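Examination of the molecular architecture
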Amino acid sequence: MARTLLLGARLLDAGPIGSGAAALEVEDGLITWAGDPDAAGERRPGATVLELDGAVVTPAFVDAHVHATAAGLLADGLDLTGCGSARHLLDAVAARVAQRPGALVWGHGWQDQLWPDELPSRAALDRAASGAPVYLSRIDVHSALASSTLLDRAPGVSGAVGWSQTALSADAHHRVRRAALAAVDTATRDAAQTAFLTDAAARGVAVVHECAGPDISSAEDLAALRTRPGPEVVGYWGEAVGTAAEAEELLAATGAHGLAGDLFVDGSIGSRTAALRAPYADAPGCTGNRYLDATAIGAHVSACTGAGVQAGFHVIGDAGADALLAGLEAAVVATSAEAVRAAGHRVEHLEMVEPVQVRRLAELGVVASVQPLFDAFWGGPHGMYATRLGTDRARDMNPFAGLLAAGVELALGSDAPVTPVGPWAAIRAAMAHRTPASAITAAQALAAHTVGGHRAAGDRAPLAGRLLPGAAASYAIWDGAGPLDGSGTDPRCLRLVHRGAVLHDALAATIGPITR
């Protein structure tokens, strides 16, 4: 493979911002040299030289939590993120059905907390649907509206936990979601996955962690995704096991990297299904849902630890965090603290957690996969968190700085389609946390979206996610540094390279390589 020499660049590595070298050489999928451009003259012969004229080079980004098919379906689906009322939602469904009579309507993104009217009844949704199967997930994907036509394809849904005449949650939602996914034909699924991965690459993301599982996708969906060209897919399968043999068998059956991701301990704040110690401020008596108790959590961590498999859980509420910590302590008793630490288990979201719990997570080597745009979208004294929890509890949500200070490794991601893939927006949100004491620095945020993503998947190599000689040639070239330069505009990805392979390329149209 030909050598490539990048000159005239501003390198932003996971170290202090702005301290990197300004020239980089790559060959055979590796970074072979980094240094001052004045010392690059002797390396020019035989190399393809890219004169970058001040463009920014970063390590390729890692999105540590995605749902590729669900996010990709929105490329041709019904976007409800701007929907301001139940009436608006019903009109949008009716308009889509008129365009494609009888076809599945896959919609996402409604948020009801500020609507002037109530959630639509199933009868009202059925009238808008005109007999079409309709699945409309809330922004957090922990509840959904569904038409009767689709519900008829979900066996046992009316007797399941979470059944309602309006929005479905818990097991009822899982059943109707499976029915909706089953209604997506193979060609549509393949196109959705390709659209998602293509978009991720265009945003500088070279690795995504797909959080699959029996309640939110399928083994077939994960297997198909892992064959797609584009960003590398690290697959997780969220299903609990009780023994090491079961862990090994499930891993072999799914081809997953680990038994982690969206293995639900609880739900979400927006759908009032996150497990809380005290009731929701806007729903007296409601403390959310508890899907796994400490015993089941401990058994899963112990089994995965024994099998050498990475375990992990979806945890949002404070009662969910309590169950997680109790389960980890049970696993320590069943195995050892050293074994649990060595396994590098992970937790998704971890929005409500106390300092003493954070310190213990750090001691046990647990990685926190977090989503800064959650705070940007729903934090602050007037945001959804404050509406659901009250301002005191909402203030301490998503304590990124506290996690890092205690020694917990952070990995940033989007949870797409909950929030969109966009590393620079996530970095900006982490730096401008609505609770200033929880904000992290630009360097910390960049490291968490690069190095942290690799470590969350168990890659502890010192050079993973770095722009240093000996590291994989995984980097992105940008026309600026956005929030790292104080800009409110996200830079554009000009080229994305992962392990030497070009995944996205708009460079020729802007700068153009010069071959020496």
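Criteria and cut-off values
Residues numbered from 1 in each chain as written. Predicted model: local features only at pLDDT ≥ 70, side-chain atom pairs only at ≥ 80, totals over all residues. Heavy atoms only, no water. Salt bridge = Lys/Arg side-chain N within 4 Å of Asp/Glu carboxyl O. Helix = DSSP H or I, 4+ residues; strand = E, 2+ residues; numbered from the N terminus. Axes fitted to C-alpha atoms, helices over the stretch in contact; angles between N-to-C directions. Parallel < 35°, antiparallel > 145°, perpendicular 65-115°, else oblique. Left-handed = near helix turned anticlockwise from the far one by under 90°. Contact = heavy atoms within 4.5 Å. Nonpolar A, V, L, I, M, F, W, Y, C, P; charged D, E, K, R; others polar. Phe/Tyr/Trp six-rings, centres within 6.5 Å; stacked < 30°, edge-to-face > 60°. Buried < 20%, exposed > 50% of the residue type's maximum accessible area, 1.4 Å probe, protein only. Lys NZ or Arg CZ within 6 Å of the ring centre and 35° of its normal. Pairing = 2+ DSSP bridges.

Taken as a whole and judged by the stated rule, the model has 27 salt bridges. Ionic pairing is found between R138 and D140, a salt bridge with its closest N-O pair at 2.8 Å. Note that E232 is salt-bridged to R499, the shortest N-O span being 3.5 Å. With E232 in strand β14 (residues 232-237) and R499 in the loop between β20 (493-498) and β21 (501-505), this residue pair connects regions lying 267 residues apart in the sequence. Taken together, the salt bridges that share partners define one network made up of R3, E25 and R43.

With their axes 10 Å apart at the nearest point, helix α6 (residues 186-202) and helix α7 (residues 219-226) run at an angle of 50° to one another. Between α6 and α7, the interaxial angle falls into the category oblique. Crossing of α6 over α7 shows right-handed handedness. Contacts between α6 and α7 pair R189, Q193 and L197 from the former with E220, D221, A224 and L225 from the latter. By residue class, the composition of the contact of α6 with α7 is 3 nonpolar, 1 polar and 3 charged.

Moving on: the packing of aromatic side chains. Within the structure shown, the criterion is met by 8 aromatic pairs. Consider the rings of F61 and W478, whose centres lie 5.9 Å apart with planes at 70°: the pair is edge-to-face. With F61 in strand β7 (residues 61-66) and W478 in strand β19 (residues 475-478), the pair connects residues that are 417 residues apart, well separated along the chain. W478 carries the same exposure label as F61, and that label is buried. Centroid distance W110 to W115: 6.0 Å. Interplanar angle 40°. Geometry classified as tilted. When sorted by exposure, W110 lands in the same class as W115, which is buried. By the ring-pair criterion, three or more aromatic residues cluster together here, those being F61, W424 and W478. Note that R346 overlies the ring of Y236, its terminal NZ or CZ placed 4.5 Å from the centroid.

As a further point, take the environment of M384. Tracing the backbone through its elements, the reader meets M384 in helix α14 (residues 384-389). On a C-alpha basis, the gap between M384 and G270 in space is 7.1 Å, while along the polypeptide they are 114 residues apart. Ignoring sequence-local partners within four residues, the contact set of M384 consists of Q113, I269, G270 and W378.

Next up on the list: the sheet that holds strand β2 (residues 10-11). Reading across from one edge, β2-β6-β19-β20-β21 is the order of the 5 strands in this open sheet, with mixed pairing throughout. In the strand order of this sheet, the two ends are held by β2 and β21, each with one partner.

Further remarks concern the sheet that holds β14. In any sheet, the strands associate via hydrogen bonds between backbone groups, in a parallel or an antiparallel arrangement. Spatial ordering of the open sheet is given by β7-β13-β14, a layout of 3 strands whose pairing is parallel. Edge positions in the sheet fall to β7 and β14, since each of these pairs with one other strand and no more. The mean inter-strand angle of the sheet, taken between neighbouring strand axes irrespective of direction, is 15°. Sheet topology places strand β13 (residues 205-212) next to β14; 6 bridges connect them, and they run parallel. The residue of β14 that forms the bridge with V207 is E232.

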